[in-house]
Amino acid sequence: MSGGPEPISAEGLRAVREELAQLRVERGEVAATLRGVDPVGDRADAADELQRASEVARLDRRIVELEARLREAEVAGEPSARVVGVGSTVNVRFDDGTEETVEISEIAEERDLTLVTFDSPLGKALLGRHAGETVNYDTPAGAASAMVLSVGADAGPQTG
């Protein structure tokens, strides 16, 4: 990412908010099982209590990360309509002539095959590019290239 406040797409925003809500529920459930400062029981009980406390701390760290990401996205505003960045929608033409509209995202989701993470080979190659530029990247099958056809509001399936 650029080092400055990064925008986030609508889909990315939805995914971050969804994860945040799930983590808050999970944290509440785990925290409710903690007994407090005077644990009664054997060493196994104490070890289990310590493990749950560690899980609450892990959840707290991730919650703080996601809350910070939401604040950063608010400061950054909408993704650029000229330069590919996190949150951008990009129409690309691959070596084989197929065209696809992808979204540069922070979070990969199995259910959305059009998301390309910013740290994937294609995502890294696209960041900072403009319409008309060709990018080269590596795939498991070998080297590949793609041309950026459009970025932002102009991105979408191309005809003709």
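Each remark here, short or long, concerns the structure printed above.
## Quick word on the overall build of the protein
Thinking step 1. Each helix and strand in the protein was counted, giving 3 helices and 5 strands.
Thinking step 2. Reading the protein from its N end, one meets helices and strands in the order α-α-β-β-β-α-β-β.
Thinking step 3. Out of the 160 residues in the protein, the part that is buried amounts to 34%.
Thinking step 4. Long-range pairs, those at least 24 residues apart, make up 54% of the contacts in the protein between residues at least 6 apart in sequence.
Thinking step 5. For the protein, the accessible surface area stands at approximately 9,600 Å², while carbon and sulfur atoms represent 53% of it.

## Some details on the nonpolar core
Thinking step 1. Among the nonpolar cores identified, the biggest contains 18 residues, and Val90, Ile104, Leu122, Leu126, Val135 and Tyr137 are the most heavily contacted of them.
Thinking step 2. Sorting the residues of this core by element identifies β1 (89-94), β2 (99-105), α3 (121-126), β4 (134-139) and β5 (142-151) as the ones contributing at least two each.
Thinking step 3. In terms of residues, this core owes the most to one element, β5, which gives 4 residues.
Thinking step 4. Those residues in contact with Val135 that sit more than four places away from it in its chain are Leu122, Ala125, Leu126, Arg129, Ala144, Ser145 and Ala146.
Thinking step 5. Grouped together as the second largest cluster of nonpolar side chains are 11 residues, Ile8, Leu20, Ile63 and Ala73 included.

## Describing the sheet that holds β4
The strands making up a sheet are joined through hydrogen bonds of the backbone, oriented either antiparallel or parallel.
Thinking step 1. Strand order in this open sheet of 5 strands is β3-β2-β1-β5-β4, and the pairing throughout is mixed. Each of the sheet's edge strands pairs with one partner strand only, and the pair in question is β3 (115-117) and β4. Within the sheet, the average angular offset between the axes of one strand and its neighbour, ignoring direction, is 45 degrees.
Thinking step 2. Inspection of the sheet shows β1 paired to β2 by 5 bridges, in the antiparallel sense. When the bridges of β2 are listed, Asn91 appears paired with Thr101.

## Points about the pairing of β5
Thinking step 1. In this structure, β1 lies alongside β5, joined through 5 bridges in antiparallel fashion. Its bridge partner lying in β5, Arg93 is registered against Met147.
Thinking step 2. Relative to β5, β4 runs antiparallel, the two being bridged by 6 bridges. Looking at the pairing, Asp138 lines up with Ala143 of β5.
Thinking step 3. Counted between consecutive antiparallel strands, the loop separating β4 from β5 contains 2 residues.

Reading guide: rules and limits
- Residues numbered from 1 in each chain as written.
- Predicted model: local features only at pLDDT ≥ 70, side-chain atom pairs only at ≥ 80, totals over all residues.
- Heavy atoms only, no water.
- Helix = DSSP H or I, 4+ residues; strand = E, 2+ residues; numbered from the N terminus.
- Buried < 20%, exposed > 50% of the residue type's maximum accessible area, 1.4 Å probe, protein only.
- Contact = heavy atoms within 4.5 Å.
- Areas by Shrake-Rupley, 256 points an atom, 1.4 Å probe, with all protein chains shown as cover.
- Core = buried A, V, L, I, M, F, W, Y, C linked by side-chain atoms within 4.5 Å.
- Pairing = 2+ DSSP bridges.
- Axes fitted to C-alpha atoms, helices over the stretch in contact; angles between N-to-C directions.

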